[in-house]
Amino acid sequence: MKKIYAQALLLASLLPAAVHAAVPTYDFKVVRSYPHDTQAFTEGLLYRDGFLYESTGLNGKSSIRKVDLASGKVLQSKDIPPQYFGEGLTVWGETLVGLTWQTQTGFVFDLKTFELKSQFAYPGEGWGLAHNDKELVMSDGSATLRFLDPKTFLEVRRVKVTADGIAVNQLNELEVVDGEIFANIWHTNTIARIDQNTGKITGWIDFSKLYPDAGKGPNAENVMNGIAYDADKKRLFVTGKLWPKIYEVKIVPRK
């Protein structure tokens, strides 16, 4: 499991009112909540054609899933071989692309059948994965976001993520929302809004009041992680590892 020693340093660096006073903080309103599998160690989440697709982690428990939003029922699943710790997941065309944590291996699955089509390699760790109109966007737990060619999976560029000039690491699950990158910050209840061209954080979204038991489970690993966006209906969904619910939320300015 990912190193916990960085938590205290990370939390200290993310106090929006103190260290990053120039970066605005946003609040949220819950629109609706939906059931979520409490055994799902969520690493990736996305919305496509009326369904959620989710990747789960832990060696021997990693999988990709197609989930009915309203009921939380797992409609389709495929286990990842036990030597791999599943990580971020995104969709590209008619495929699902998934990462693994420390094994430097990515997988490409058929969107409909979940059949494994191919795999690819990358240096370092794999954490979050999303996509814009032309690239895949990958996090590795550092302050760097890598942009990959979706056909070759080779890196084409990268940006360093900063807030007021200070590097922000522990970037985890990712989603592109109306041109911005939303990133979970590992072991916090904060999502960063990131300019994908400059890497500058344009806002913090404070979810500390969303789920009171976040981070209070076994080994404190039931943390917020998982962002999905329905671009057609402008719906934003968030959840966490082993959480009982997925929340549809609306982002609002802090008063």
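The chain appears in an unreviewed UniProt entry as Glutaminyl-peptide cyclotransferase from Duganella margarita.

A. How the structure looks around the sheet that holds strand E8 (residues 105-110). Read from one edge of the open sheet, four strands run E6-E7-E8-E9, paired in antiparallel fashion. Of all strands in the sheet, those bounded by a partner on one side alone are strand E6 (86-92) and strand E9 (116-121). Sheet twist, expressed as the average angle between the axes of neighbouring strands with direction ignored, equals 20 degrees. With five bridges connecting them, E8 and E9 associate as antiparallel partners. Within E9, the residue paired with Phe-107 across the bridge is Gln-119.

B. The arrangement of the nonpolar core in detail. Within the largest apolar cluster, 19 residues are counted, with the highest numbers of intra-cluster contacts made by Leu-145, Leu-171, Leu-174, Ile-181, Ile-194, Ile-201 and Trp-204. Among the elements of the structure, strand E12 (144-148), strand E16 (171-177), strand E17 (180-185), strand E18 (190-195) and strand E19 (201-206) are those that each provide at least two residues to this core. With 17 residues, the next largest nonpolar core counts Phe-207, Ile-227, Tyr-229 and Leu-236 among its residues.

C. Focus on the packing of aromatic side chains. Under the criterion given, the structure shown has 13 aromatic pairs. Arranged with centres 6.1 Å apart and planes meeting at 50 degrees, the rings of Phe-120 and Tyr-122 form a pair that is tilted. Comparing Phe-120 with Tyr-122 shows no difference in burial state: the two are buried. Ring centres 5.8 Å apart and planes at 80 degrees place the aromatic pair Trp-127 and Trp-186 in the edge-to-face group. Of this pair, Trp-127 sits in the loop between E9 and strand E10 (129-131) while Trp-186 sits in the loop between E17 and E18; the two residues are 59 residues apart in sequence, bridging distant segments of the chain. One aromatic cluster is present, built from ring pairs that chain together Tyr-34, Tyr-47 and Phe-237. Its end group placed over the ring of Phe-51, Lys-66 keeps NZ or CZ at 4.2 Å from the ring centre.

The rules we used
- Residues numbered from 1 in each chain as written.
- Predicted model: local features only at pLDDT ≥ 70, side-chain atom pairs only at ≥ 80, totals over all residues.
- Heavy atoms only, no water.
- Pairing = 2+ DSSP bridges.
- Helix = DSSP H or I, 4+ residues; strand = E, 2+ residues; numbered from the N terminus.
- Axes fitted to C-alpha atoms, helices over the stretch in contact; angles between N-to-C directions.
- Core = buried A, V, L, I, M, F, W, Y, C linked by side-chain atoms within 4.5 Å.
- Buried < 20%, exposed > 50% of the residue type's maximum accessible area, 1.4 Å probe, protein only.
- Phe/Tyr/Trp six-rings, centres within 6.5 Å; stacked < 30°, edge-to-face > 60°.
- Lys NZ or Arg CZ within 6 Å of the ring centre and 35° of its normal.

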